[in-house]
Amino acid sequence: MTIYRTFFEHPSDKNQREYEALRDFYLSGTPGKDVAQKFGYTLGTFKNLCCQFRKNPSMSFFLPTPKKEPAPDSLCARILELRKTRKVSIYEIQQLLEEEGRSASSSYISKVLRAAGVPSLPCGPKKPKPIKAPPADLGALDLSPRPFSTSCGGLFLFMPDLVQMDMDALVKDFPGSDKIPAPHMVRSLLALKLWGIGRPSRVMSETLDEGLALFAGLNVIPKRSSLTEYTGRCDPHFTQEFTHAWFDAAAQLDPGLKEKGESFDLDFHTIPYHGDQALMEKHYVSKRSRRQLGILTFLVRDASTRIFTYANTTVHKKDHSMAIHYFIEDWKQRTGSLPSELVFDSGVTTYAQLAKIHAQKIGFITLRKRHKSMVQAAREQPANQWNSITLTNIGRKYRHPRVLEQKVRLQGYPDEVRQLAIDGLGRDQLMFLITNQTELAPAKIIDRYARRMMIENVISDTIDFFHMDALSATVPMKIHVDLQLTLIAGLLYRLLGIRVGQRKELAETRTLFRELIPKRAIIHLTEKEIIVQYPRRAHNPLLMNAEYHKVNLPIPWLDNKSLRIEFA
(Lines give C-alpha, C1' and ligand atoms only; values in the text may rest on other atoms or scores of the structure.)
Protein backbone atom coordinates (compact mmCIF):
# COMPACT_ATOMS: atom_id res chain seq x y z
CA MET A 1 0.00 0.00 0.00
CA THR A 2 2.88 2.40 0.75
CA ILE A 3 4.24 1.99 -2.77
CA TYR A 4 0.90 2.87 -4.31
CA ARG A 5 0.48 5.83 -2.00
CA THR A 6 3.92 7.17 -2.97
CA PHE A 7 2.85 6.99 -6.62
CA PHE A 8 0.16 9.59 -5.95
CA GLU A 9 2.02 11.71 -3.40
CA HIS A 10 5.28 11.97 -5.35
CA PRO A 11 4.46 11.68 -9.07
CA SER A 12 7.43 11.37 -11.37
CA ASP A 13 5.63 12.13 -14.62
CA LYS A 14 5.25 15.83 -15.51
CA ASN A 15 1.59 15.61 -16.52
CA GLN A 16 0.66 13.55 -13.44
CA ARG A 17 2.48 16.01 -11.16
CA GLU A 18 0.53 18.91 -12.64
CA TYR A 19 -2.74 16.99 -12.17
CA GLU A 20 -2.04 16.12 -8.52
CA ALA A 21 -0.91 19.63 -7.68
CA LEU A 22 -3.98 21.27 -9.22
CA ARG A 23 -6.28 18.66 -7.63
CA ASP A 24 -4.76 19.35 -4.20
CA PHE A 25 -5.19 23.10 -4.68
CA TYR A 26 -8.70 23.24 -6.08
CA LEU A 27 -10.28 20.16 -4.49
CA SER A 28 -8.59 19.99 -1.08
CA GLY A 29 -8.21 23.74 -0.70
CA THR A 30 -4.52 23.55 0.24
CA PRO A 31 -2.86 27.01 0.07
CA GLY A 32 -0.90 27.64 -3.10
CA LYS A 33 2.35 28.21 -1.21
CA ASP A 34 2.10 24.78 0.45
CA VAL A 35 1.14 23.06 -2.79
CA ALA A 36 4.09 24.59 -4.62
CA GLN A 37 6.50 23.46 -1.90
CA LYS A 38 4.98 19.96 -1.76
CA PHE A 39 5.25 19.28 -5.51
CA GLY A 40 8.55 21.08 -6.12
CA TYR A 41 7.31 24.29 -7.81
CA THR A 42 8.17 27.87 -7.09
CA LEU A 43 5.19 29.97 -6.14
CA GLY A 44 5.38 31.94 -9.38
CA THR A 45 5.56 28.80 -11.52
CA PHE A 46 2.55 27.31 -9.75
CA LYS A 47 0.55 30.50 -10.27
CA ASN A 48 1.33 30.33 -14.00
CA LEU A 49 0.20 26.70 -14.03
CA CYS A 50 -3.11 27.65 -12.42
CA CYS A 51 -3.56 30.44 -14.97
CA GLN A 52 -3.00 28.05 -17.88
CA PHE A 53 -5.42 25.51 -16.43
CA ARG A 54 -8.15 28.14 -16.06
CA LYS A 55 -7.89 28.78 -19.77
CA ASN A 56 -8.44 25.07 -20.57
CA PRO A 57 -10.12 23.33 -17.58
CA SER A 58 -10.44 19.93 -19.26
CA MET A 59 -8.72 16.55 -19.32
CA SER A 60 -6.95 17.47 -22.54
CA PHE A 61 -4.86 19.87 -20.50
CA PHE A 62 -3.09 16.95 -18.78
CA LEU A 63 -2.65 14.78 -21.89
CA PRO A 64 0.85 14.73 -23.36
CA THR A 65 1.33 16.86 -26.49
CA PRO A 66 1.87 14.58 -29.47
CA LYS A 67 5.22 15.03 -31.12
CA LYS A 68 5.25 16.16 -34.72
CA GLU A 69 6.06 13.37 -37.08
CA PRO A 70 9.09 13.92 -39.19
CA ALA A 71 8.39 15.20 -42.66
CA PRO A 72 8.16 12.41 -45.21
CA ASP A 73 11.02 11.83 -47.55
CA SER A 74 8.84 13.02 -50.42
CA LEU A 75 8.87 16.58 -48.97
CA CYS A 76 12.68 16.58 -48.78
CA ALA A 77 12.85 15.21 -52.31
CA ARG A 78 10.47 17.93 -53.53
CA ILE A 79 12.56 20.64 -51.89
CA LEU A 80 15.73 19.38 -53.56
CA GLU A 81 13.90 19.03 -56.88
CA LEU A 82 12.67 22.63 -56.81
CA ARG A 83 16.14 23.96 -56.06
CA LYS A 84 17.77 21.79 -58.77
CA THR A 85 15.29 22.45 -61.57
CA ARG A 86 14.12 26.00 -60.93
CA LYS A 87 17.12 27.51 -59.12
CA VAL A 88 14.83 29.30 -56.70
CA SER A 89 15.54 30.70 -53.23
CA ILE A 90 14.42 29.28 -49.88
CA TYR A 91 11.47 31.67 -49.64
CA GLU A 92 10.39 30.95 -53.20
CA ILE A 93 10.51 27.19 -52.40
CA GLN A 94 8.33 27.82 -49.34
CA GLN A 95 5.79 29.70 -51.47
CA LEU A 96 5.70 26.95 -54.13
CA LEU A 97 5.13 24.29 -51.47
CA GLU A 98 2.21 26.28 -50.05
CA GLU A 99 0.66 26.43 -53.52
CA GLU A 100 0.92 22.62 -53.63
CA GLY A 101 -0.82 22.29 -50.27
CA ARG A 102 2.31 21.51 -48.30
CA SER A 103 3.98 23.49 -45.53
CA ALA A 104 7.58 23.80 -44.46
CA SER A 105 9.36 26.54 -42.56
CA SER A 106 12.24 28.44 -44.10
CA SER A 107 14.60 27.07 -41.45
CA TYR A 108 13.59 23.47 -42.26
CA ILE A 109 14.13 24.05 -46.00
CA SER A 110 17.56 25.53 -45.27
CA LYS A 111 18.39 22.49 -43.08
CA VAL A 112 17.41 20.07 -45.84
CA LEU A 113 19.51 21.88 -48.43
CA ARG A 114 22.55 22.00 -46.15
CA ALA A 115 22.24 18.30 -45.30
CA ALA A 116 22.17 17.45 -49.00
CA GLY A 117 25.23 19.61 -49.64
CA VAL A 118 23.40 21.94 -52.01
CA PRO A 119 25.40 25.18 -52.43
CA SER A 120 23.79 28.56 -51.87
CA LEU A 121 22.53 30.57 -54.81
CA PRO A 122 24.86 33.24 -56.13
CA CYS A 123 24.10 36.80 -55.02
CA GLY A 124 21.96 38.89 -57.33
CA PRO A 125 23.22 41.99 -59.13
CA LYS A 126 24.43 44.69 -56.78
CA LYS A 127 22.27 47.76 -56.44
CA PRO A 128 23.84 50.85 -58.00
CA LYS A 129 25.33 53.22 -55.47
CA PRO A 130 23.54 56.54 -55.11
CA ILE A 131 25.08 59.37 -57.06
CA LYS A 132 26.92 61.71 -54.73
CA ALA A 133 26.48 65.43 -55.18
CA PRO A 134 29.70 67.04 -56.36
CA PRO A 135 31.50 69.41 -53.99
CA ALA A 136 30.82 73.11 -54.38
CA ASP A 137 33.44 74.67 -56.62
CA LEU A 138 33.40 78.00 -58.43
CA GLY A 139 35.60 76.52 -61.16
CA ALA A 140 33.01 73.81 -61.88
CA LEU A 141 30.21 76.30 -62.61
CA ASP A 142 28.76 75.57 -66.06
CA LEU A 143 27.32 78.63 -67.83
CA SER A 144 27.14 77.06 -71.28
CA PRO A 145 23.96 77.84 -73.28
CA ARG A 146 21.12 75.51 -72.29
CA PRO A 147 17.66 75.56 -70.71
CA PHE A 148 16.81 73.97 -67.35
CA SER A 149 13.99 73.96 -64.83
CA THR A 150 14.26 75.15 -61.23
CA SER A 151 12.01 75.01 -58.18
CA CYS A 152 13.54 78.20 -56.75
CA GLY A 153 12.86 80.59 -59.61
CA GLY A 154 11.63 83.40 -57.39
CA LEU A 155 15.12 83.94 -55.98
CA PHE A 156 16.09 85.83 -59.14
CA LEU A 157 13.70 88.64 -58.18
CA PHE A 158 16.21 89.52 -55.43
CA MET A 159 19.26 89.37 -57.70
CA PRO A 160 19.01 92.97 -59.03
CA ASP A 161 19.08 94.33 -55.48
CA LEU A 162 22.20 92.30 -54.66
CA VAL A 163 23.92 93.69 -57.75
CA GLN A 164 22.99 97.32 -57.05
CA MET A 165 24.11 96.99 -53.42
CA ASP A 166 27.48 95.69 -54.64
CA MET A 167 27.36 92.70 -52.34
CA ASP A 168 30.83 91.50 -53.34
CA ALA A 169 32.33 94.69 -51.91
CA LEU A 170 30.25 94.47 -48.73
CA VAL A 171 31.60 91.03 -47.80
CA LYS A 172 35.20 91.59 -48.78
CA ASP A 173 36.36 91.10 -45.15
CA PHE A 174 34.59 87.77 -44.78
CA PRO A 175 36.63 84.54 -44.92
CA GLY A 176 36.62 82.58 -48.17
CA SER A 177 38.57 80.13 -50.29
CA ASP A 178 39.56 79.65 -53.93
CA LYS A 179 36.77 77.15 -54.52
CA ILE A 180 34.09 79.04 -52.56
CA PRO A 181 34.88 82.76 -52.28
CA ALA A 182 33.24 84.77 -49.51
CA PRO A 183 30.51 86.39 -51.67
CA HIS A 184 29.44 83.02 -53.03
CA MET A 185 29.25 81.43 -49.57
CA VAL A 186 27.25 84.35 -48.16
CA ARG A 187 24.87 84.22 -51.14
CA SER A 188 24.43 80.48 -50.53
CA LEU A 189 23.44 81.08 -46.91
CA LEU A 190 21.25 84.00 -47.91
CA ALA A 191 19.49 81.91 -50.57
CA LEU A 192 18.41 79.37 -47.95
CA LYS A 193 17.08 82.22 -45.80
CA LEU A 194 15.22 83.93 -48.64
CA TRP A 195 13.54 80.69 -49.63
CA GLY A 196 12.45 79.95 -46.06
CA ILE A 197 14.10 76.52 -46.13
CA GLY A 198 13.75 74.82 -42.77
CA ARG A 199 17.24 73.69 -41.82
CA PRO A 200 16.12 70.75 -39.65
CA SER A 201 15.20 68.42 -42.51
CA ARG A 202 15.04 69.80 -46.03
CA VAL A 203 18.24 71.66 -46.73
CA MET A 204 20.22 68.80 -48.29
CA SER A 205 17.61 67.99 -50.94
CA GLU A 206 17.37 71.66 -51.89
CA THR A 207 21.10 71.88 -52.53
CA LEU A 208 20.67 69.82 -55.71
CA ASP A 209 18.47 72.47 -57.34
CA GLU A 210 20.43 74.01 -60.20
CA GLY A 211 18.64 77.35 -59.96
CA LEU A 212 19.51 77.72 -56.29
CA ALA A 213 23.19 77.11 -57.11
CA LEU A 214 23.09 79.54 -60.06
CA PHE A 215 21.77 82.28 -57.77
CA ALA A 216 24.82 81.78 -55.52
CA GLY A 217 27.19 81.55 -58.50
CA LEU A 218 28.33 77.98 -57.80
CA ASN A 219 27.88 74.57 -59.39
CA VAL A 220 25.98 73.38 -56.27
CA ILE A 221 25.10 74.83 -52.91
CA PRO A 222 27.76 73.89 -50.30
CA LYS A 223 26.96 70.87 -48.19
CA ARG A 224 25.86 70.89 -44.59
CA SER A 225 29.34 70.55 -43.09
CA SER A 226 30.64 73.46 -45.17
CA LEU A 227 27.77 75.73 -44.14
CA THR A 228 28.27 74.93 -40.47
CA GLU A 229 32.04 75.29 -40.60
CA TYR A 230 31.85 78.61 -42.42
CA THR A 231 29.57 80.27 -39.87
CA GLY A 232 32.12 79.37 -37.20
CA ARG A 233 34.80 81.27 -39.10
CA CYS A 234 32.80 84.51 -39.32
CA ASP A 235 33.80 87.06 -36.71
CA PRO A 236 30.77 88.61 -34.95
CA HIS A 237 32.25 92.09 -35.47
CA PHE A 238 32.39 91.50 -39.23
CA THR A 239 28.76 90.45 -39.38
CA GLN A 240 27.63 93.53 -37.42
CA GLU A 241 29.57 95.87 -39.70
CA PHE A 242 28.23 94.00 -42.70
CA THR A 243 24.66 94.56 -41.51
CA HIS A 244 25.29 98.29 -41.08
CA ALA A 245 26.75 98.56 -44.57
CA TRP A 246 23.88 96.51 -45.95
CA PHE A 247 21.23 98.84 -44.52
CA ASP A 248 23.09 101.90 -45.79
CA ALA A 249 23.23 100.36 -49.28
CA ALA A 250 19.51 99.48 -49.14
CA ALA A 251 18.66 103.08 -48.25
CA GLN A 252 20.28 104.14 -51.52
CA LEU A 253 17.81 101.94 -53.43
CA ASP A 254 14.71 103.26 -51.66
CA PRO A 255 14.61 106.50 -49.65
CA GLY A 256 11.76 105.04 -47.60
CA LEU A 257 14.30 102.74 -45.92
CA LYS A 258 16.50 105.63 -44.83
CA GLU A 259 16.82 105.26 -41.06
CA LYS A 260 15.95 108.55 -39.43
CA GLY A 261 16.72 107.48 -35.87
CA GLU A 262 13.57 109.18 -34.57
CA SER A 263 11.98 106.28 -32.69
CA PHE A 264 12.87 102.67 -32.03
CA ASP A 265 11.07 99.66 -30.57
CA LEU A 266 13.21 97.41 -28.37
CA ASP A 267 12.57 93.93 -27.07
CA PHE A 268 14.27 90.76 -25.86
CA HIS A 269 13.65 87.37 -27.42
CA THR A 270 14.92 84.05 -26.09
CA ILE A 271 15.91 81.56 -28.78
CA PRO A 272 15.24 78.20 -27.09
CA TYR A 273 18.00 75.61 -26.96
CA HIS A 274 16.97 71.97 -26.51
CA GLY A 275 20.39 70.44 -25.95
CA ASP A 276 22.32 69.89 -22.75
CA GLN A 277 25.08 72.50 -22.95
CA ALA A 278 26.26 73.26 -19.43
CA LEU A 279 27.29 76.84 -20.32
CA MET A 280 23.81 77.85 -21.52
CA GLU A 281 21.79 80.17 -19.29
CA LYS A 282 18.09 79.89 -18.58
CA HIS A 283 15.90 82.73 -19.83
CA TYR A 284 12.17 83.35 -19.94
CA VAL A 285 10.45 82.07 -23.11
CA SER A 286 7.18 83.98 -23.51
CA LYS A 287 5.50 81.57 -25.91
CA ARG A 288 5.99 78.74 -23.41
CA SER A 289 5.52 80.84 -20.26
CA ARG A 290 8.52 79.27 -18.59
CA ARG A 291 12.27 79.57 -18.16
CA GLN A 292 14.52 77.26 -20.16
CA LEU A 293 17.96 77.07 -21.70
CA GLY A 294 18.40 79.49 -24.56
CA ILE A 295 20.25 82.42 -26.07
CA LEU A 296 19.02 85.87 -25.11
CA THR A 297 18.71 88.09 -28.18
CA PHE A 298 18.21 91.86 -28.12
CA LEU A 299 16.33 93.22 -31.16
CA VAL A 300 15.72 96.82 -32.23
CA ARG A 301 13.15 97.86 -34.84
CA ASP A 302 12.99 101.23 -36.54
CA ALA A 303 9.45 102.51 -36.07
CA SER A 304 9.44 104.51 -39.33
CA THR A 305 10.85 101.84 -41.68
CA ARG A 306 9.34 98.89 -39.71
CA ILE A 307 12.45 96.76 -40.11
CA PHE A 308 15.00 95.41 -37.64
CA THR A 309 18.11 97.58 -37.61
CA TYR A 310 20.08 96.01 -34.77
CA ALA A 311 20.50 92.60 -33.17
CA ASN A 312 22.76 91.48 -30.34
CA THR A 313 23.25 87.81 -29.42
CA THR A 314 26.01 88.34 -26.86
CA VAL A 315 23.78 89.52 -24.01
CA HIS A 316 24.17 87.65 -20.72
CA LYS A 317 21.70 87.53 -17.89
CA LYS A 318 23.91 89.47 -15.50
CA ASP A 319 24.22 92.49 -17.81
CA HIS A 320 20.97 92.33 -19.77
CA SER A 321 20.01 95.82 -18.52
CA MET A 322 23.05 97.20 -20.38
CA ALA A 323 21.85 95.92 -23.78
CA ILE A 324 20.00 99.17 -24.41
CA HIS A 325 23.23 101.14 -23.92
CA TYR A 326 25.08 98.85 -26.33
CA PHE A 327 22.53 99.81 -28.97
CA ILE A 328 22.78 103.52 -28.17
CA GLU A 329 26.57 103.38 -28.50
CA ASP A 330 26.32 101.37 -31.73
CA TRP A 331 23.88 103.86 -33.22
CA LYS A 332 26.09 106.81 -32.21
CA GLN A 333 29.15 105.25 -33.84
CA ARG A 334 27.16 104.45 -36.93
CA THR A 335 25.34 107.77 -37.46
CA GLY A 336 27.16 110.26 -35.26
CA SER A 337 24.00 111.09 -33.28
CA LEU A 338 21.89 109.58 -30.53
CA PRO A 339 18.44 108.07 -31.11
CA SER A 340 15.58 110.44 -30.34
CA GLU A 341 13.13 108.03 -28.71
CA LEU A 342 13.21 104.49 -27.31
CA VAL A 343 10.07 102.48 -26.55
CA PHE A 344 10.37 99.22 -24.66
CA ASP A 345 8.88 96.84 -22.13
CA SER A 346 9.44 96.97 -18.39
CA GLY A 347 11.92 94.08 -18.38
CA VAL A 348 14.39 95.64 -20.83
CA THR A 349 16.33 97.71 -18.29
CA THR A 350 16.34 99.07 -14.73
CA TYR A 351 15.36 102.45 -13.28
CA ALA A 352 19.03 103.30 -12.74
CA GLN A 353 19.72 102.76 -16.45
CA LEU A 354 16.66 104.88 -17.27
CA ALA A 355 18.38 107.72 -15.43
CA LYS A 356 21.43 107.37 -17.69
CA ILE A 357 19.20 107.43 -20.77
CA HIS A 358 17.47 110.56 -19.47
CA ALA A 359 20.85 112.19 -18.81
CA GLN A 360 21.68 111.66 -22.52
CA LYS A 361 18.49 113.55 -23.41
CA ILE A 362 16.96 110.52 -25.08
CA GLY A 363 13.20 110.24 -24.80
CA PHE A 364 11.77 106.97 -23.55
CA ILE A 365 8.37 105.35 -23.04
CA THR A 366 8.22 102.14 -21.06
CA LEU A 367 5.77 99.96 -19.22
CA ARG A 368 6.16 100.02 -15.44
CA LYS A 369 5.85 96.87 -13.39
CA ARG A 370 2.76 97.25 -11.24
CA HIS A 371 2.23 95.99 -7.73
CA LYS A 372 -0.71 95.90 -5.39
CA SER A 373 0.01 99.17 -3.58
CA MET A 374 0.34 101.07 -6.89
CA VAL A 375 -3.02 99.84 -8.10
CA GLN A 376 -4.67 100.57 -4.77
CA ALA A 377 -3.25 104.10 -4.63
CA ALA A 378 -4.46 104.85 -8.15
CA ARG A 379 -7.93 103.47 -7.44
CA GLU A 380 -8.22 105.70 -4.36
CA GLN A 381 -7.69 108.88 -6.37
CA PRO A 382 -10.81 111.09 -6.77
CA ALA A 383 -12.81 110.63 -9.95
CA ASN A 384 -12.07 114.20 -11.06
CA GLN A 385 -8.36 113.33 -11.26
CA TRP A 386 -9.08 110.82 -14.05
CA ASN A 387 -9.44 112.19 -17.58
CA SER A 388 -11.18 110.46 -20.48
CA ILE A 389 -9.20 110.57 -23.73
CA THR A 390 -9.77 109.40 -27.30
CA LEU A 391 -7.16 107.22 -28.98
CA THR A 392 -6.47 107.47 -32.71
CA ASN A 393 -4.66 105.29 -35.25
CA ILE A 394 -5.52 102.17 -33.30
CA GLY A 395 -7.82 99.62 -34.89
CA ARG A 396 -9.21 98.30 -31.65
CA LYS A 397 -12.46 98.22 -29.73
CA TYR A 398 -11.43 100.28 -26.68
CA ARG A 399 -10.76 103.83 -27.87
CA HIS A 400 -11.89 105.89 -24.86
CA PRO A 401 -9.82 104.93 -21.79
CA ARG A 402 -9.45 106.95 -18.57
CA VAL A 403 -6.01 108.28 -17.65
CA LEU A 404 -4.55 109.35 -14.31
CA GLU A 405 -1.40 111.46 -14.80
CA GLN A 406 1.06 111.83 -11.90
CA LYS A 407 4.64 112.70 -11.08
CA VAL A 408 6.35 109.83 -9.24
CA ARG A 409 9.79 108.97 -7.95
CA LEU A 410 11.55 105.72 -8.80
CA GLN A 411 14.32 103.95 -6.94
CA GLY A 412 17.59 104.78 -8.67
CA TYR A 413 16.04 107.59 -10.75
CA PRO A 414 17.08 111.00 -9.36
CA ASP A 415 14.25 113.16 -10.73
CA GLU A 416 10.51 112.85 -10.84
CA VAL A 417 9.16 110.97 -13.84
CA ARG A 418 5.82 111.25 -15.60
CA GLN A 419 3.47 108.31 -14.98
CA LEU A 420 0.20 107.48 -16.73
CA ALA A 421 -2.20 105.03 -15.07
CA ILE A 422 -4.59 103.81 -17.77
CA ASP A 423 -7.97 102.14 -17.26
CA GLY A 424 -10.50 101.00 -19.86
CA LEU A 425 -8.25 99.24 -22.38
CA GLY A 426 -10.12 95.96 -22.08
CA ARG A 427 -7.97 94.63 -19.24
CA ASP A 428 -8.92 93.85 -15.68
CA GLN A 429 -5.81 95.53 -14.27
CA LEU A 430 -4.55 99.08 -14.71
CA MET A 431 -1.63 99.69 -17.05
CA PHE A 432 1.17 102.04 -15.97
CA LEU A 433 3.38 103.89 -18.47
CA ILE A 434 6.34 106.06 -17.48
CA THR A 435 8.10 108.55 -19.73
CA ASN A 436 10.46 111.50 -19.55
CA GLN A 437 8.61 113.32 -22.35
CA THR A 438 6.62 116.00 -20.58
CA GLU A 439 5.09 117.78 -23.58
CA LEU A 440 3.67 114.74 -25.36
CA ALA A 441 -0.11 114.32 -25.01
CA PRO A 442 -1.30 111.21 -23.11
CA ALA A 443 -3.19 109.91 -26.15
CA LYS A 444 0.00 110.04 -28.26
CA ILE A 445 2.01 108.29 -25.56
CA ILE A 446 -0.50 105.45 -25.33
CA ASP A 447 -0.78 105.27 -29.13
CA ARG A 448 3.00 105.12 -29.50
CA TYR A 449 3.38 102.33 -26.95
CA ALA A 450 0.54 100.38 -28.58
CA ARG A 451 2.45 100.47 -31.89
CA ARG A 452 5.49 99.08 -30.07
CA MET A 453 3.54 95.87 -29.56
CA MET A 454 3.90 95.23 -33.31
CA ILE A 455 7.54 94.23 -32.73
CA GLU A 456 6.26 91.01 -31.20
CA ASN A 457 4.37 90.25 -34.42
CA VAL A 458 7.52 90.91 -36.45
CA ILE A 459 9.53 88.59 -34.21
CA SER A 460 6.85 85.94 -34.68
CA ASP A 461 7.13 86.40 -38.45
CA THR A 462 10.90 85.87 -38.41
CA ILE A 463 10.44 82.73 -36.34
CA ASP A 464 7.73 81.42 -38.66
CA PHE A 465 9.42 82.01 -42.03
CA PHE A 466 13.14 82.48 -41.36
CA HIS A 467 13.32 79.75 -38.67
CA MET A 468 15.05 82.04 -36.19
CA ASP A 469 14.43 79.59 -33.35
CA ALA A 470 15.96 76.60 -35.15
CA LEU A 471 19.11 76.20 -33.05
CA SER A 472 18.87 72.40 -32.77
CA ALA A 473 18.97 71.66 -36.48
CA THR A 474 20.61 69.40 -39.01
CA VAL A 475 22.69 72.38 -40.13
CA PRO A 476 23.99 74.01 -36.94
CA MET A 477 24.86 77.66 -37.57
CA LYS A 478 26.46 80.23 -35.35
CA ILE A 479 23.63 82.30 -33.97
CA HIS A 480 25.21 85.67 -34.76
CA VAL A 481 25.49 84.76 -38.46
CA ASP A 482 22.03 83.21 -38.58
CA LEU A 483 20.41 86.28 -37.01
CA GLN A 484 22.22 88.81 -39.20
CA LEU A 485 21.18 86.85 -42.30
CA THR A 486 17.62 86.94 -41.00
CA LEU A 487 17.72 90.76 -40.77
CA ILE A 488 19.19 91.04 -44.26
CA ALA A 489 16.65 88.67 -45.82
CA GLY A 490 13.84 90.54 -44.08
CA LEU A 491 15.09 93.80 -45.59
CA LEU A 492 15.09 92.31 -49.10
CA TYR A 493 11.49 91.18 -48.66
CA ARG A 494 10.59 94.65 -47.38
CA LEU A 495 12.12 96.17 -50.54
CA LEU A 496 10.01 93.80 -52.63
CA GLY A 497 6.84 94.78 -50.77
CA ILE A 498 7.59 98.51 -51.14
CA ARG A 499 8.08 98.20 -54.91
CA VAL A 500 4.92 96.19 -55.43
CA GLY A 501 2.80 98.50 -53.27
CA GLN A 502 -0.88 97.61 -52.85
CA ARG A 503 -0.23 97.58 -49.07
CA LYS A 504 2.23 94.71 -49.56
CA GLU A 505 4.84 96.82 -47.75
CA LEU A 506 2.93 95.99 -44.55
CA ALA A 507 2.47 92.28 -45.28
CA GLU A 508 4.24 89.50 -43.40
CA THR A 509 7.16 87.76 -45.07
CA ARG A 510 5.28 84.47 -45.48
CA THR A 511 2.44 86.33 -47.23
CA LEU A 512 4.89 88.00 -49.62
CA PHE A 513 6.50 84.65 -50.34
CA ARG A 514 3.18 82.91 -50.96
CA GLU A 515 1.62 85.59 -53.13
CA LEU A 516 4.51 87.21 -55.00
CA ILE A 517 7.38 84.73 -55.25
CA PRO A 518 7.01 82.25 -58.15
CA LYS A 519 8.17 78.74 -57.35
CA ARG A 520 8.99 77.07 -60.64
CA ALA A 521 10.73 78.78 -63.55
CA ILE A 522 12.50 77.89 -66.78
CA ILE A 523 15.98 79.38 -67.06
CA HIS A 524 17.59 79.84 -70.47
CA LEU A 525 21.34 80.37 -70.43
CA THR A 526 22.59 82.02 -73.62
CA GLU A 527 25.93 83.43 -74.62
CA LYS A 528 25.14 86.85 -73.13
CA GLU A 529 21.94 86.51 -71.13
CA ILE A 530 20.22 84.69 -68.31
CA ILE A 531 16.51 84.59 -69.14
CA VAL A 532 14.18 83.59 -66.29
CA GLN A 533 10.68 82.67 -67.50
CA TYR A 534 7.93 82.51 -64.87
CA PRO A 535 4.69 80.60 -65.49
CA ARG A 536 1.28 82.25 -65.44
CA ARG A 537 0.22 83.22 -61.92
CA ALA A 538 -2.53 85.41 -60.49
CA HIS A 539 -0.11 87.89 -58.89
CA ASN A 540 2.27 88.28 -61.84
CA PRO A 541 0.64 91.63 -62.82
CA LEU A 542 1.79 93.05 -59.46
CA LEU A 543 5.38 92.16 -60.25
CA MET A 544 4.99 93.60 -63.77
CA ASN A 545 3.62 96.83 -62.31
CA ALA A 546 6.81 96.94 -60.21
CA GLU A 547 8.68 96.76 -63.56
CA TYR A 548 10.52 93.52 -62.85
CA HIS A 549 9.97 92.57 -66.52
CA LYS A 550 12.14 95.56 -67.50
CA VAL A 551 15.18 94.27 -65.61
CA ASN A 552 18.25 94.07 -67.85
CA LEU A 553 21.25 94.03 -65.55
CA PRO A 554 24.66 92.36 -65.88
CA ILE A 555 25.44 89.95 -63.05
CA PRO A 556 29.11 90.26 -62.03
CA TRP A 557 29.41 86.79 -60.45
CA LEU A 558 27.88 85.11 -63.55
CA ASP A 559 30.41 86.33 -66.15
CA ASN A 560 28.49 89.62 -66.48
CA LYS A 561 25.65 87.92 -68.32
CA SER A 562 22.56 90.13 -68.34
CA LEU A 563 19.56 89.04 -66.31
CA ARG A 564 16.15 89.27 -67.99
CA ILE A 565 12.84 88.31 -66.38
CA GLU A 566 9.85 87.24 -68.46
CA PHE A 567 6.28 86.55 -67.33
CA ALA A 568 3.90 84.19 -69.15
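Residues numbered from 1 in each chain as written. Predicted model: local features only at pLDDT ≥ 70, side-chain atom pairs only at ≥ 80, totals over all residues. Heavy atoms only, no water.

Chemist: Describe the packing of helix 15 (residues 323-335) against helix 16 (residues 351-359), naming the residues involved and giving the relevant values.
Modeler: For the pair helix 15 and helix 16, the least separation of the axes is 10 Å and the interaxial angle reads 20°. Taken together, helix 15 and helix 16 sit at an angle that is classed as roughly parallel. For the element pair helix 15 and helix 16, the recorded crossing hand is left-handed. On helix 16, the residues touching I324, H325 and I328 of helix 15 are Q353, K356 and I357. Looking at the contact of helix 15 with helix 16 residue by residue, the classes come out as 3 nonpolar, 2 polar and 1 charged. (Axes fitted to C-alpha atoms, helices over the stretch in contact; angles between N-to-C directions. Helix = DSSP H or I, 4+ residues; strand = E, 2+ residues; numbered from the N terminus. Parallel < 35°, antiparallel > 145°, perpendicular 65-115°, else oblique. Left-handed = near helix turned anticlockwise from the far one by under 90°. Contact = heavy atoms within 4.5 Å. Nonpolar A, V, L, I, M, F, W, Y, C, P; charged D, E, K, R; others polar.)

Chemist: So what about the pattern of salt bridges? Which residues, and what values?
Modeler: By the definition in use, this model includes 19 salt bridges. One salt bridge connects R78 with E100, and the closest N-O pair in it is separated by 2.5 Å. Separated by 22 residues along the polypeptide, R78 in helix 5 (residues 73-86) and E100 in the loop between helix 6 (90-99) and helix 7 (106-115) bring together distant segments of the chain. We classify E100 as partly exposed; its relative accessible area is 39%. When the shortest N-O distance is used, the salt bridge between D423 and R402 registers 3.5 Å. (Salt bridge = Lys/Arg side-chain N within 4 Å of Asp/Glu carboxyl O. Buried < 20%, exposed > 50% of the residue type's maximum accessible area, 1.4 Å probe, protein only.)

Chemist: Mind laying out the sheet that holds strand 15 (residues 561-567), listing which residues take part and the relevant values?
Modeler: Pairing in this open sheet of 5 strands is mixed, and the strands run 1-12-13-15-14 from one edge to the other. Strand pairing shows two members of the sheet lacking a second neighbour, strand 1 (146-150) and strand 14 (552-555), which therefore form its edges. Recorded for the sheet is a direction-independent mean angle of 25° between the axes of neighbouring strands. Looking at chain direction, strand 13 (residues 529-534) and strand 15 are connected through 6 bridges and run parallel. Across the sheet, I531 pairs through a bridge with R564, a residue of strand 15. (Pairing = 2+ DSSP bridges.)

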